[in-house]
Each structure stands twice: as structure tokens, then as C-alpha cells.
Amino acid sequence: MFFLKMLKQIVEIFQKDISPDQIAWGAALGCILGLVPNMLLKIILFVAIMIFKVNVSAALISCSLYAILSFVLDPLFDVIGFYVLNISVLNSFYTWLYNLPIVPFTNFNNSVVMGSFLFGLIMFVPNGIFAKKFLVYYRTNLRDKVSKWKVIKILSTAINALKISSFVK
């Protein structure tokens, strides 16, 4: 059931006429959300997703994909975070951050947290631009072809059957 709902959201993102900007920037915010390992940062980013007018489904799907990818990229995040945290010019800035009321709970002084957050920030704009270009290309060139696939027809039939059965209960 959950798997079908997730597939339904993916199909709706690509097939329906939802704004490409909302989907693209939702996917970009979902990238950062999926990469950071700290729960407080995840909550802050989730609130940002809810505040901004972005597609929540695209953000959650992107978050899921990047969360899987983050396990592979953790050694890279560790190197990036270690390098940034050991820049001696920023020591007084880090001390100031650590003395703020809530910021220490983000665990920014952990090299993996710092590296993943910075990597997500660096990839934010390229992810948004790529997602928008891919979506526009898909909708102009591939949407009609994909909608004729048997798998998509079976999936939409299964989703419609779930909708009907949910009203019966």
C-alpha cells in the first residue's frame, strides 16, 4: 500500500501540470534534508519546506533518494567538514556559534554534519536547476510516450482501485 502511494506521488509529479519551479525547489530542499544527519537540522529544513511554496512530495522523494546516497558519501562529508572546521580564521566564529542558545544542538562541530550540510548547500542551486530542466524536458518530449506504457496504465488502475476501496470501508 505504501509503495503504491509513493509510486502514485512520483507519477503525479511527472504527469500532472504542477509548477516546475515548485517541484524543482522542493527537490533541492529535499536534497539538503536527506543529506544532513542531525535531527534538529532536519526539523528546521522540514519547517522551511512547509513555509516555502514548494512541492512537498518532490521534497520527500528527493530526501529519500539523497538519504540513501548520503551513506555512500559520508567519507567525503567527513573530509569536507574536517577541512572547514580546521580553518583557523573561523575559530572565533565557531566559538561564537557554540555559545548561542540553540546552535550547539545542531552538532555543527561534527565533521560529517558540517560536511553534509555544506555539500547540500553547494548542491542546492544545481539540483534545483537540473530538476527543473529535466522536468520541462520530460513534459515536452516524454510525457505522452510514458503515459502509454503498460506499467503506468496498470499503476493508475491499481491506484484508482485503492481510491474506490478506501471509500467502501
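Source: prediction; values computed, not measured.

Student: Looking at this structure, how should I read the overall build of the chain?
Tutor: The helix and strand tally for the chain stands at seven helices and zero strands. Secondary structure elements of the chain occur, N-terminal to C-terminal, as α-α-α-α-α-α-α. Long-range pairs, those at least 24 residues apart, make up 78% of the contacts in the chain with a sequence separation of at least 6. On the chain, roughly 10800 Å² of surface is accessible, and the fraction owed to carbon and sulfur atoms is 73%.

Student: Help me understand the state of the cysteines in this model?
Tutor: Each disulfide is one covalent bond, formed between the sulfur atoms of two cysteines. Scanning the model with the defined rule gives zero disulfides in all. No disulfide involves Cys 31; its sulfur sits 9.5 Å from that of Cys 63, the nearest cysteine. Residue Cys 31 is classed as buried on the basis of its relative accessible area of 1%. What makes Cys 63 buried here is its relative accessible area of 14%.

Student: How should I be thinking about a nonpolar patch on the surface in this particular structure?
Tutor: There is a patch of nonpolar side chains on the surface, built from Met 39, Ile 43, Val 47, Ile 51 and Phe 52 and spanning about 540 Å² of accessible area. Tracing the chain through its elements places Ile 51 in helix 3 (residues 39-51). The exposure class assigned to Ile 51 is exposed, which follows from its relative accessible area of 63%.

Student: Would you explain the environment of Asn 86 in this entry?
Tutor: Turning to its location among the elements, Asn 86 is positioned in the loop between helix 4 (56-85) and helix 5 (91-98). Each C-alpha atom, one on Asn 86 and one on Ser 111, is 9.6 Å from the other, the two residues being 25 residues apart in sequence. A distance of 2.9 Å separates a polar atom in the side chain of Asn 86 from the backbone oxygen of Phe 82.

Student: Explain helix 6 (residues 111-147) to me, please; I cannot follow it from the model alone.
Tutor: What sets the pattern is the α-helix's 3.6 residues per turn: residues three or four places apart point alike. Compared with an ideal rise of 1.5 Å per residue, which puts 37 residues at 54 Å, helix 6 spans 45 Å between its outermost C-alpha atoms and falls more than 12% short. When the local axis directions of helix 6 are compared, the greatest deviation, roughly 60°, occurs at Asn 141. Backbone nitrogen of Val 112 and a side-chain oxygen of the N-cap are separated by 2.8 Å at the start of helix 6; the cap is Asn 110.

Student: Would you explain the side chain of Ser 70 in this entry?
Tutor: The residue Ser 70 is located in helix 4 in this model. The class for Ser 70 is buried, based on a relative accessible area of 9%.

Student: Sorry if this is basic, but what is going on with the packing of helix 2 (residues 20-35) against helix 6 here?
Tutor: Angle between the axes and distance between the axes: these two values describe a pair of packed helices. Where helix 2 contacts helix 6, the axes come no closer than 7 Å and their chain directions differ by 150°. In terms of orientation, helix 2 lies roughly antiparallel with respect to helix 6. Crossing angle aside, the handedness with which helix 2 passes helix 6 is right-handed. Grouping the constituent residues of the contact of helix 2 with helix 6 by class yields 20 nonpolar, four polar and three charged.

Student: Quick question: what am I supposed to make of the packing of aromatic side chains here?
Tutor: The way to describe two aromatic rings as a pair is by their centre distance and the angle between their planes. Scanning the model with the defined rule gives seven aromatic pairs in all. Here Phe 130 and Phe 134 contribute two aromatic rings whose centre-to-centre distance is 6.2 Å and whose plane-to-plane angle is 20°, an arrangement assigned as stacked. You can see Phe 130 and its partner Phe 134 sitting in helix 6, four residues apart, about one turn around the helix.

Student: What should I look at first to understand the nonpolar core in this one?
Tutor: Soluble, globular proteins show a tendency: their nonpolar side chains are buried together. Of all hydrophobic cores here, the largest spans 11 residues; its members are Leu 29, Ile 32, Leu 33, Val 36, Leu 41, Leu 45, Ile 49, Val 54, Ala 59, Cys 63 and Val 113. Of all the elements in the fold, those that place two or more residues in this core are helix 2, helix 3 and helix 4. In this structure Leu 29 touches Ile 49, Phe 52, Val 54 and Phe 124, once residues within four positions along its chain are discounted. Leu 85, Tyr 94, Phe 108 and Met 114 belong to the second-largest nonpolar core, a separate cluster that totals six residues.

The rules behind each value
- Residues numbered from 1 in each chain as written.
- Predicted model: local features only at pLDDT ≥ 70, side-chain atom pairs only at ≥ 80, totals over all residues.
- Heavy atoms only, no water.
- Helix = DSSP H or I, 4+ residues; strand = E, 2+ residues; numbered from the N terminus.
- Contact = heavy atoms within 4.5 Å.
- Areas by Shrake-Rupley, 256 points an atom, 1.4 Å probe, with all protein chains shown as cover.
- Disulfide = S-S within 2.5 Å.
- Buried < 20%, exposed > 50% of the residue type's maximum accessible area, 1.4 Å probe, protein only.
- Patch = residues over 30% accessible without salt bridge, like charges linked within 9 Å, V, L, I, M, F, W, Y side chains within 5 Å.
- Salt bridge = Lys/Arg side-chain N within 4 Å of Asp/Glu carboxyl O.
- Polar contact = N/O pair within 3.5 Å; in protein donor to acceptor, adjacent residues only side chain to side chain.
- Expected span 1.5 Å × (residues − 1).
- Bend = angle between axes of the 7 residues up to and from the residue.
- Axes fitted to C-alpha atoms, helices over the stretch in contact; angles between N-to-C directions.
- Parallel < 35°, antiparallel > 145°, perpendicular 65-115°, else oblique.
- Left-handed = near helix turned anticlockwise from the far one by under 90°.
- Nonpolar A, V, L, I, M, F, W, Y, C, P; charged D, E, K, R; others polar.
- Phe/Tyr/Trp six-rings, centres within 6.5 Å; stacked < 30°, edge-to-face > 60°.
- Core = buried A, V, L, I, M, F, W, Y, C linked by side-chain atoms within 4.5 Å.

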